[in-house]
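Chain by chain, the residues:
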Amino acid sequence: METTSEVDNRHLSASKKKADKTKHTPPSRRMQYDDPSAVAKLKKTQIVRKKNAERAVPLFSHLPQYEQESIFSRGFQKDASELHPAVIKLGLQYASDVISGASSRCLSLLDTLALVIESFSLSEYLETRDYRRELDKYLRRNIQFLIDCRPLSISMGNCIRYIKSRISQLSPSIPEAENKSSLLKTIRNFREEKFERAEEMIAELGAERIRDGDTILTLGRSSCIEEIFTKAKNCGKDFHVIVLDARPRQEGLALCKNLIQMGVKTDYSSLYAASYYMRDVNIVLCGAEGLMSTGAVISGLGTACVALVAKEYHVPVMITSQTIKFSERGHLDAICFNEIGNPDELIGHEGSDWFMTGVHNEKKFANMLKENWKEMKNLKVLNLYYDLTPVEFIDAVITEIGIIPPSSVPVVLREYMSLS
Amino acid sequence: MNHSTENWLIGKETRRALNYLQKELREEPFSGLRIAKETLRLLRIVVSSVAPSGLDKVEDAVRQLGRELTRGYPRCFIAENMARRVLKVIHEELQIANNPRLDTSDLGSPCRNPVKNAKTVKNIVMESISEIEDELDAVLPNIAEQSLEHIHSNEVLLTFGHSQSVEEFLKSAAEKRHFEIIIAECELDYSGHRLAKNLSEENVDITLISDAAVVALMSRVHKVIIGAEAIMADGSVLAASGTFMVAAAARHYAVPLVICAGLHKLTPLFPHHPDILYDVLSPSQVIENCKVWNESWFRQLEVSCPRLDLIQSQYIRLLVTNSGGFSPSYVYRILNEFYDEIDTFL
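Residues numbered from 1 in each chain as written. Chains lettered and ligands numbered in written order. Predicted model: local features only at pLDDT ≥ 70, side-chain atom pairs only at ≥ 80, totals over all residues. Heavy atoms only, no water.

Re the pairing of strand 10 (residues 396–399) of chain A
Residue and element names in this part refer to chain A. Covered by surrounding structure in strand 10 are Ala396 and Ile398 together with Val397 and Thr399, the residues of both alternating faces. One ladder, built from 3 bridges, connects strand 7 (residues 317–320) with strand 10; its direction is parallel. Bridge pairing in strand 10 places threonine 320 opposite isoleucine 398. Note: strand 10 against strand 11 (residues 402–404), 3 bridges, orientation antiparallel. Across the sheet, the residue bridging to isoleucine 398 is isoleucine 403, located in strand 11. From the end of strand 10 to the start of strand 11, which pair antiparallel, there are 2 residues. (Buried < 20%, exposed > 50% of the residue type's maximum accessible area, 1.4 Å probe, protein only. Helix = DSSP H or I, 4+ residues; strand = E, 2+ residues; numbered from the N terminus. Pairing = 2+ DSSP bridges.)

Okay, structure coming up:
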C-alpha cells in the first residue's frame, strides 16, 4: 500500500542517509485516504479513474476502498499509451487475483520491471537527456498503474525501492546499453538471492525443525511452507499436516491436494476448528505478508486467530518469511495497514442444493443477505485481507539468514540496509 | 435400542411422540426454548398416562424418557435438563409421602392417608410442569430487560453468530440507545447473517465481518456478547465452534465476555474430557465447492467439522440469565436449586 512518491521519497531519504549517517529520519508517512488534500494530490498522479466508495466502514476510511467496477469500466483518466503492455497485463492479473500470493506477486513484478527496463530506450526521447532520470520517470508511471490495480505489498515496495536506488547509482558517463545490462544483471541477482535461494534456505531450515511424528498446523497456502513440507517429505520424515482455511479466501485446498499427492497425511477444516485440533498440534507454521520493526507479523486474515489459540494451548508458532518482507515501520494493529476486499465475497458463497438436503439446513442463511443487503441502510460488510499478529504470539521467524526471534527484525534490517 | 423397550412404562402413543421429538431435536435452526417446551409437552403425556400407577412409577417413566432423549441427541442437554427438573419435584413429593412429618401443607389434619392418591400426584407434577413452562415463556423478556444495564450509548459490541437471547437483548437496548454492533458471521452455519438481517430495522450500526477478522477488530470493542448452547456445572459454556477464538481474543484485549443464556441451558454435568463434548458434523459444512468431491486425491483428505467449542469459566466475565447476571463461579449454587444430585446421570 505504498504510493510511488512514497517509494521515491524513501529511496531519496535512504540515499541521503548514506551521505549523512548521523541524520535520522522516520520512514515517510503512509498515504491516508481520508485526508482530502492528500487524496486530491494523489488523483493527479493516478492513471486509472477512481470512484468514491459508497459505504466505507469509518474505522477503515484511511485505506483505499474496494472498487466495485472493473478497471475497464472505470477507464483511464490519463494517457495510458506510455504504459508497457507487460505492465498492463500484470496489473490486470493483480486486479483479478490471478496472481495473488505474496511471493508470486513480487516475482512477477521483478520480471515485468526487467522487461520494462529492457525495452526502455532513450532514443524515443532526446538522446541528450539523463538516462537515469528518464528511466525513473517511465518506471514511476508504470508502477502507478500497478498500484491503481492493487496496492503494493510490503515486499513489492522493498523491491521497487531497491531497483530505484540502483538506478540512481548508475553512472551518467557510461553508455546507455552498458547501464541497462548492468541494471538487468543486478535485478537478476537480486531475484535469485532474495527469492530463489532464500526459499531454498528457508525450506532447509524449516524441514530440519520437523521431527518424525509431528503434527503441524498451517493456515491457508504459502509457497514457503509448501517448500518446507516438500523438503521434509523428501528427507523421509513422517509427519501429519492440518490445513485450516479462513473465509472468504480459501486457498488451503490446493495445498491439501499437493500434500496428498506427495503422500503426506492431511486434515482439512475451517478456521473454527482451530481449538478442536490444537490439542494434538506440535508446531503452528504460517506464512507472512510482512514483518514490522516491532516484530509483529502482517499476514493473511486469520493468522492472528490461529496464533492466539496456539498460545492458549501453549503450542509454538513459527512464521516463515524472506528478509525482503521486513519493513522498518511499526504498527500497532491490523487497522493501520490493510486491504479491503469485495464485500460480496463475504455475503455470497458457492453453496449448492446438495447441502439443503442434509440434516443441517443452516447453510441457507448464507444467502439470506445476498439479494438485499445494500438496501439495509445500517449494515456494512467488511472484508479484510490481512491481520496483524502481535509479537508475543510468535516464537520464531524462519528466514534465509536463520531462525530468529521476531524482535530481531530491526537488527536484521539495519545490518542488511547497511550492506546493500 | 430394542432391549430397553421391553420394560417401557409408557404407551405406544407416547413412544410415537418421543420419536417425533427426537427428530425435531435434530432440526435446524436450533432453538433451545422450543426443545424445552416440546420436552415438557411430552413429559405431560407421560405423567398423565403413568400417574395412576403411583409416584414411583412416574419417577421411573420420567427418568427413562430423559435417558431416551439423551440417546436421541447426545449433545443436546436441554431435554435432559427438563426431565431433571420434573424429577426433582417428584423426589420432593416422594420424600414427603414417605416421611409424613415433613409435610407442612396439611398440618392439623389428624388422620391423613400416607400415600397420596393418583389424582393429587398428577396434579402436583402437572402444576410444576406448568410453572416451568411459564418460566420458559419469560426467559427472553427477562434477559432482554437487563440489556440497558449493560449496553450504553455509542458502545461498540461484538457478537458471534446468532442466538435468540442475544438478539432480544440487543433489540431491547436498541430501543433506547444507539450503539454499534460488529457481527462475526459464524462460519459454521452463517447464522451471523441472520442476526444482521433481523437487526437491520433497528437503530444500530451493524458491521458484518468474517470470523477471522475478530482478532483484528477486538482492540476497538467494548464488550463481547454471545449466546451459548449449554452452561456446564463448573460455569464453563458450550457454544458454536469458533467461539473459543472470540473468547481468547477478548481475554487478550481485556474485553469483558458476556454470555446471554436462559437457565434451561444449565446442565449439572462437568466438561471432564473435551472428547465427550465434540460433536462432529458432515464435511459438507466445511467444503462448499462440490467440484473437488469427485477428485481422487480428495478421498484421502480428512475433513472435520466440530460443532461445539468449550469456553472455560475463566474466560467469562458475566452470565446474563433469566434470573439475573452472575459470575460463572456462582453456577454451582443455582444447580442445587434446580436439580437433585441423584439425577445428574439419568
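Re the packing of aromatic side chains
Scanning all chains against the criterion turns up 12 aromatic pairs over all chains. Here the aromatic cluster, defined as three or more aromatic residues joined through ring pairs, consists of A:Phe120, A:Tyr131 and A:Tyr138. A cation over an aromatic ring shows up here: B:Arg85 above the ring of B:Phe338, its NZ or CZ 4.1 Å from the ring centre. In this structure, B:Arg251 packs its charged tip against the face of B:Tyr315, placed 4.3 Å from the ring centre. (Phe/Tyr/Trp six-rings, centres within 6.5 Å; stacked < 30°, edge-to-face > 60°. Lys NZ or Arg CZ within 6 Å of the ring centre and 35° of its normal.)

So, the nonpolar core
Grouped together as the largest cluster of nonpolar side chains are 134 residues, with contacts concentrated most on A:Val284, B:Met218 and B:Val224. Residue-level mapping places this core at the junction of two domains, with at least three residues from each of domain 1 (19–198) and domain 2 (202–338 + 385–419) of chain A. Setting aside residues no more than four positions away along its own chain, A:Val284 makes contact with A:Leu217, A:Met278, A:Val306, A:Ala310, A:Val315, A:Pro316, A:Val317 and A:Met318. Among the nonpolar cores identified, the runner-up in size contains 64 residues, and B:Val50, B:Val125, B:Ile129 and B:Leu199 belong to it. (Core = buried A, V, L, I, M, F, W, Y, C linked by side-chain atoms within 4.5 Å. Domains from an automatic or database assignment. Contact = heavy atoms within 4.5 Å.)

Let's talk about the interface of chain B and chain A
Interfaces are often sized by the accessible area lost when the parts come together. Chain B puts 67 residues into the contact, and the matching count from chain A is 62 residues. A combined buried area of about 5800 Å² lies between chain B and chain A, and 63% of that area is made up of carbon and sulfur atoms. For the interface between chain B and chain A, the tally reads 3 salt bridges. We note a salt bridge from B:Arg251 to A:Glu312, for which the minimum N-O separation is 3.2 Å. At the junction of chain B with chain A, the criterion picks out 19 residue pairs in polar contact (both at pLDDT 80 or more). Residue assignment for the side of chain B that touches chain A shows that the elements contributing at least two residues are helix 9 (191–199), strand 3 (204–209), helix 10 (214–218), helix 11 (243–252), helix 12 (274–277) and strand 8 (302–303) of chain B. (Buried area = accessible area lost by both parts, 1.4 Å probe. Salt bridge = Lys/Arg side-chain N within 4 Å of Asp/Glu carboxyl O. Polar contact = N/O pair within 3.5 Å; in protein donor to acceptor, adjacent residues only side chain to side chain.)

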